[in-house]
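Here's the letter readout for the chains.
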Amino acid sequence: MALLETKNLGISFGGLRAVNAFDISVEKGQLYGLIGPNGAGKTTIFNLLTGVYQPDEGAILLDGVNLTGKKTIDICKAGIARTFQNIRLFGDMTVLDNVKVGLHNHYTYSTLEGILRFPRYHKVEKEMNEKAMELLKVFGLEEYADYKAENLPYGQQRKLEIARAMATAPKLLLLDEPAAGMNPNETKELMDMIGFVRDHFDMTILLIEHDMKLVSGICEKLTVLNFGEVLAQGDTQDVLSNPEVITAYLGS
Amino acid sequence: MKKIKINKTMKNDMITYGMVILAYIVVQLLISSGHVSSLIRGLLVPFCTYVIVAIALNLTVGILGELSLGHAGFMCVGAFSSAVFSLAYKDAIPGGLRFFLAILIGAAAAALVGFLVGIPVLRLRGDYLAIVTLAFGEIIKNIINALYLGVDSNGIHFTMKDALSLNMEEDGLMLIKGAQGVTGTPNDSNFTIGVVLILITLFIVLNFIHSRTGRAVMSIRDNRIAAESVGINVTKYKLIAFTISASIAGVAGVLYAHNLSTLNALPKNFGYNMSILILVFVVLGGIGNIRGSIIAAVLLTLLPEVLRGLSDYRMLIYAIVLIAMMIFNWSPNAIFFRKRLKQRITAGRKPEKEA
């Protein structure tokens with residue numbers, strides 16, 4: 001059974017049909033790419049999957065559980081984590097605290113226990129620090145733990161965003177243009193890291209990307225979107241050699 | 001690395017606590033050596049009140065990232081609820097216990113009102129909280145000015161008309177006399193209690209900030225959408241932070257009320273201007289900087305009194321100080337200069353930390 005499945009997903013904004021009859025099926029452990037020209041509706045699909053928008057019709061299933069109409073925080077708890085096209089970190093908080101916010105729902109103690117510093121506070125905080133440092137180490141950010149997130153270099157901010165998403169212990173990771181604004185070297189490094197995250201955490205990843213080198217380099221399957229509709233779907237090499245796809249990207 | 005960070009926040013907190021305790025010792029020494037005028041001595045409890053309410057507002061403005069223009073209103077709720085309680089049980093409960101209960105009642109009443117105001121408003125995005133709290137502060141003041149409350153053997157009477165329509169028995173006790181307010185509240189608060197309350201407030205707020213809940217609240221401030229995406233319940237944590245903030249403002253009100261024999265809800269003490277003054281403390285002390293709020297609250301309350309001798313030039317100098325503090329805290333050039341200065345000092349002491 002597929003980990004993520006959508007059936008006939010659709011949404012309109014006023015008269016604009018942003019996404020129409022979108023079907024996708026992502027298997028567990030897959031690295032799946034969602035590509036398409038600007039304005040094709042890729043980020044809208046991410047927003048539908050994470051409950052930022054509610055679909056007008058269709059269904060979203062994660063691991064057989066229907067997530068349609070759920071709120072963002074419930075979808076996060078169900079196991080979908082995401083990053084954003086324009087990086088959204090907690091800029092004024094430290095790198096470590098950013099990850100610890102991601103751990104919020106997995107390591108708990110009450111507000112009162114926190115204020116009165118009960119033994120449970122010390123115990124859970126210690127566990128949180130250890131877990132967060134472990135995650136930062138995986139992403140090579142441990143030396144920045146003390147930095148304010150907004151003071152990190154751009155590439156590291158991207159990594160931190162992924163680390164924070166991974167802290168929520170998701171089943172499915174959505175990456176929205178992870179390579180945006182990166183130079184070829186950083187992109188190469190990012191590709192390695194995405195592959196590593198998949199292997200290390202046994203993660204399923206769905207990513208939006210414009211960088212064809214990255215897409216053809218790591219994605220196993222692709223869905224191409226154009227004007228809110230699926231243009232092509234299948235194995236990466238087949239899709240990328242599809243004449244319709246080439247037309248959509250380069251014009252006829 | 002991890003260890004260093006924990007020590008750093010702890011050290012920072014300790015400096016804040018230490019600063020308050022040191023200030024308390026210095027003031028006590030000055031009082032015992034007779035260097036403090038009676039005018040300033042009368043201001044000591046109001047100092048504590050302003051410091052506490054400034055810390056409370058900083059929790060809303062700096063940590064939660066919402067603007068509240070009604071913290072004087074929460075002070076007002078705390079002040080009147082506790083003053084009525086203390087007056088009603090003036091002879092029934094001994095002083096210390098009574099004041100302790102009064103604090104709890106003031107805190108609970110303000111928390112409840114803060115919670116009720118927060119429920120509809122904190123679900124919205126934008127500056128709605130500022131607008132609603134501004135209105136709330138004015139409304140609560142006007143309600144109390146029109147409220148008559150009394151108690152006799154038949155129970156509690158209240159009316160919004162006048163004292164006569166209370167229909168009280170001869171031996172009944174008037175608690176709130178409309179615009180004349182509450183008279184005869186026991187003078188339970190003093191400077192020492194005020195400082196203890198500041199320390200307790202600091203303990204609550206600083207521990208809150210460095211806890212799981214505090215991190216959730218700050219993540220909402222920094223990026224609401226991202227906070228939601230990692231599973232933070234935005235409305236819940238906003239409400240928690242705002243309720244705590246209102247509750248602490250209520251405690252400041254309790255302290256204020258028990259320092260006066262007559263408590264009125266005047267524009268001067270619980271009105272819009274007071275709310276703005278508290279906001280000025282927070283902004284000048286540095287938004288999100290708890291220690292800064294304390295310093296700003298003390299300095300800006302002290303300044304007009306110290307400058308009294310200059311009569312007409314007093315407000316002029318006050319304004320200049322406001323502007324100077326603003327520049328020192330917020331101008332990019334000043335921030336850069338402070339950073340460089342700090343670097344030079346730490347570099348001189350611990351050369352290995354320079355890199």
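Residues numbered from 1 in each chain as written. Chains lettered and ligands numbered in written order. Predicted model: local features only at pLDDT ≥ 70, side-chain atom pairs only at ≥ 80, totals over all residues.

## What about helix H7 (residues 184–201) of chain A?
Residue and element names in this part refer to chain A.
Alright, step 1. Across its 18 residues, H7 extends 25 Å between first and last C-alpha, which sits within 8% of the 26 Å expected from 1.5 Å per residue.
Alright, step 2. Listing the buried residues of H7 in full gives Thr-187, Leu-190, Ile-194 and Val-197. Take H7 and look down its axis: the buried residues cluster within an arc of 75°, on one side only. Those residues of H7 that are exposed and aimed more than 90 degrees away from the buried face are Pro-184, Asn-185, Asp-192, Phe-196, Asp-199 and His-200. (Helix = DSSP H or I, 4+ residues; strand = E, 2+ residues; numbered from the N terminus. Expected span 1.5 Å × (residues − 1). Buried ≥ 20, exposed ≤ 12 C-beta atoms within 10 Å, placed from the backbone. Arc of directions from axis to C-beta.)

## Considerations on the confidence of the model for chain B
Residues and elements named next belong to chain B.
Alright, step 1. Overall, the prediction assigns chain B a mean pLDDT of 87, with 95% of residues at 70 or greater.
Alright, step 2. Mean pLDDT across the secondary structure elements of chain B bottoms out at helix H14 (residues 332–349), with 78, and peaks at helix H9 (residues 234–257), with 96.
Alright, step 3. Every residue in residues 351–355 scores below 50 in pLDDT, and together they form two contacts with partners more than four places removed in sequence or on other chains. (pLDDT = per-residue confidence, 0-100. Contact = placed C-beta atoms within 7 Å.)

## A closer look at the sheet that holds strand E3 (residues 173–177) of chain B
Residues and elements named next belong to chain B.
Alright, step 1. Overall, antiparallel pairing links the three strands, which are arranged E2-E1-E3 in an open sheet. Two strands lie at the open edges of the sheet, namely strand E2 (155–159) and E3, each paired on one side alone. For this sheet the average axis-to-axis angle between neighbouring strands, irrespective of direction, equals 15°. (Pairing = 2+ DSSP bridges. Axes fitted to C-alpha atoms, helices over the stretch in contact; angles between N-to-C directions.)

## Details of helix H6 (residues 154–167) of chain A
Residues and elements named next belong to chain A.
Alright, step 1. Compared with an ideal rise of 1.5 Å per residue, which puts 14 residues at 20 Å, H6 spans 20 Å between its outermost C-alpha atoms and is within 8% of the ideal.
Alright, step 2. Of all 14 residues that make up H6, ten are buried, and the element is covered over most of its length.
Alright, step 3. Residues Arg-158, Lys-159, Leu-160, Glu-161, Ile-162, Ala-163, Arg-164, Ala-165, Met-166 and Ala-167 constitute the buried set of H6.
Alright, step 4. In the core, the buried residues of H6 are packed alongside strand E6 (80–82), helix H3 (95–102), helix H5 (119–138), strand E7 (172–176) and H7.
Alright, step 5. In the segment just after H6, Ala-169 is the residue with positive phi, at about 55°.

## Observations regarding the interface of chain A and chain B
Alright, step 1. On the side of chain B, 25 residues touch chain A, which itself brings 35 residues to the contact.
Alright, step 2. Every element with two or more residues in the side of chain A that touches chain B is listed here: helix H2 (72–78), H3, helix H4 (111–115) and H5 of chain A.
Alright, step 3. Top element by residues in the side of chain A that touches chain B is H3(A). It accounts for five residues.
Alright, step 4. When grouped by side-chain class, the residues that make up the side of chain A that touches chain B number 13 nonpolar, eleven polar and eleven charged. (Nonpolar A, V, L, I, M, F, W, Y, C, P; charged D, E, K, R; others polar.)

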